[in-house]
Amino acid sequence: SMEYSLNVDFYSIRSHDGQPQVLLKVEKGAVQLCRGVNWTRPKEYMAQVITFIVKNQFDIAHDMACTGIIRQDGQYYEVFDLPKGFVVNGDMDLSYAGLEHLPNMDSVIIRGNYNANGNPLKTLDGIPKEIYKNLYLQGGGIRPDIVRTLPPYCRVHGKIFTGKKR
């Protein structure tokens, strides 16, 4: 016989008139999903989302791009407001977040991969200062002319993946 333990909770943040604005899926103490209306990043509700996550001491799992939050060394950081010189001890996944502009990370070091696949980027300004592994800039209407030239300050140790995603 098989036993199933789902241990999944769903939470919603609602507007003043009771309309759902944000859906959070939490599994085994980690936020697995955070989506706003029309399945987008809930920009105007991020303060409430962060407060809720911090208050409950949830980990951040998948869908970091949509929460816009990372947890590192017990602290929570907003991806769009990282401290100058911050070092991310792992991957940065901003894939399919609907971004036309990257968060400013021109002084940030990523010790893993940096994934911006599937965003309709108009510029690469703000790309991290250093990426230890691979840089992904594929699909999603990224302008082909902008992926040909990284800003001069950016150093990628691994491979750079551009063009159509196969």
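The preceding data block contains the structure.
Conventions adopted
- Residues numbered from 1 in each chain as written.
- Predicted model: local features only at pLDDT ≥ 70, side-chain atom pairs only at ≥ 80, totals over all residues.
- Heavy atoms only, no water.
- Helix = DSSP H or I, 4+ residues; strand = E, 2+ residues; numbered from the N terminus.
- Rg over C-alpha atoms; globule rule 2.2 N^0.38 Å.
- Buried < 20%, exposed > 50% of the residue type's maximum accessible area, 1.4 Å probe, protein only.
- Contact = heavy atoms within 4.5 Å.
- Pairing = 2+ DSSP bridges.
- Core = buried A, V, L, I, M, F, W, Y, C linked by side-chain atoms within 4.5 Å.
- Salt bridge = Lys/Arg side-chain N within 4 Å of Asp/Glu carboxyl O.

Across its full length, the protein chain carries three helices and 14 strands. In terms of C-alpha radius of gyration, the protein chain reaches 17 Å, essentially the compact-globule figure of 15 Å for 166 residues. If you line up the protein chain on its principal axes, its C-alpha atoms span 50 × 40 × 35 Å. Scored against the burial criterion, the 166 residues of the protein chain give a buried share of 44%. Within the protein chain, contacts between residues at least 6 apart in sequence are counted, and of these 31% link residues at least 24 apart.

What follows covers the sheet that holds strand β12 (residues 135-138). Note: strands within a sheet are paired through backbone hydrogen bonds, in either parallel or antiparallel orientation. Across the sheet, four strands lie side by side as β8-β10-β12-β14; this open sheet has parallel pairing. Two strands bound the open sheet, and with one partner strand each, they are β8 (92-93) and β14 (160-163). The sheet contact formed by strand β10 (residues 114-115) and β12 spans two bridges and is parallel. Paired with Y114 across the bridge in β12 is L135.

Here we take up the nonpolar core. Among the nonpolar cores identified, the biggest contains 26 residues, and M92, M105, Y114 and L121 are the most heavily contacted of them. Every element with two or more residues in this core is listed here: β12 and α3 (144-147). Formed by 14 residues, the second largest nonpolar core is a distinct cluster that contains I13, V26, V31 and I53.

The full count for this structure, using the stated rule, is five salt bridges. Close ionic contact of R71 with D59 constitutes a salt bridge, the shortest N to O distance being 3.0 Å. Of this pair, R71 sits in strand β5 (residues 69-72) while D59 sits in strand β4 (residues 59-60), and the two are twelve residues apart along the sequence. Under the relative-accessibility criterion, R71 is labelled partly exposed at 27%. The partner of E100 in a salt bridge is K122, with the nearest N and O atoms 3.8 Å apart. Placement of the pair is E100 in the loop between β8 and β9 (109-110) and K122 in the loop between β10 and β11 (130-131), with a sequence separation of 22 residues. Residue classification places E100 among the partly exposed positions, given a relative accessible area of 37%.

This part takes up the sheet that holds strand β3 (residues 30-36). Spatially, β1-β2-β3-β4 is the arrangement adopted by the four strands of the open sheet, whose pairing is mixed. Only two strands of the sheet have a single neighbouring strand rather than two, namely β1 (8-14) and β4. Here β3 pairs with β4 via two bridges, running parallel. Residue pairing in the sheet places A30 in a bridge with D59 of β4.

The phi torsion at K28 lies on the positive side, around 50°, for a residue other than glycine. Here K28 is to be found in the loop between β2 (20-27) and β3. With phi around 50°, D73 is a residue other than glycine that occupies positive phi space. Note on placement: D73 falls in the loop between β5 and β6 (75-78). Taking relative accessible area as the criterion, D73 reaches 69% and is therefore assigned exposed.

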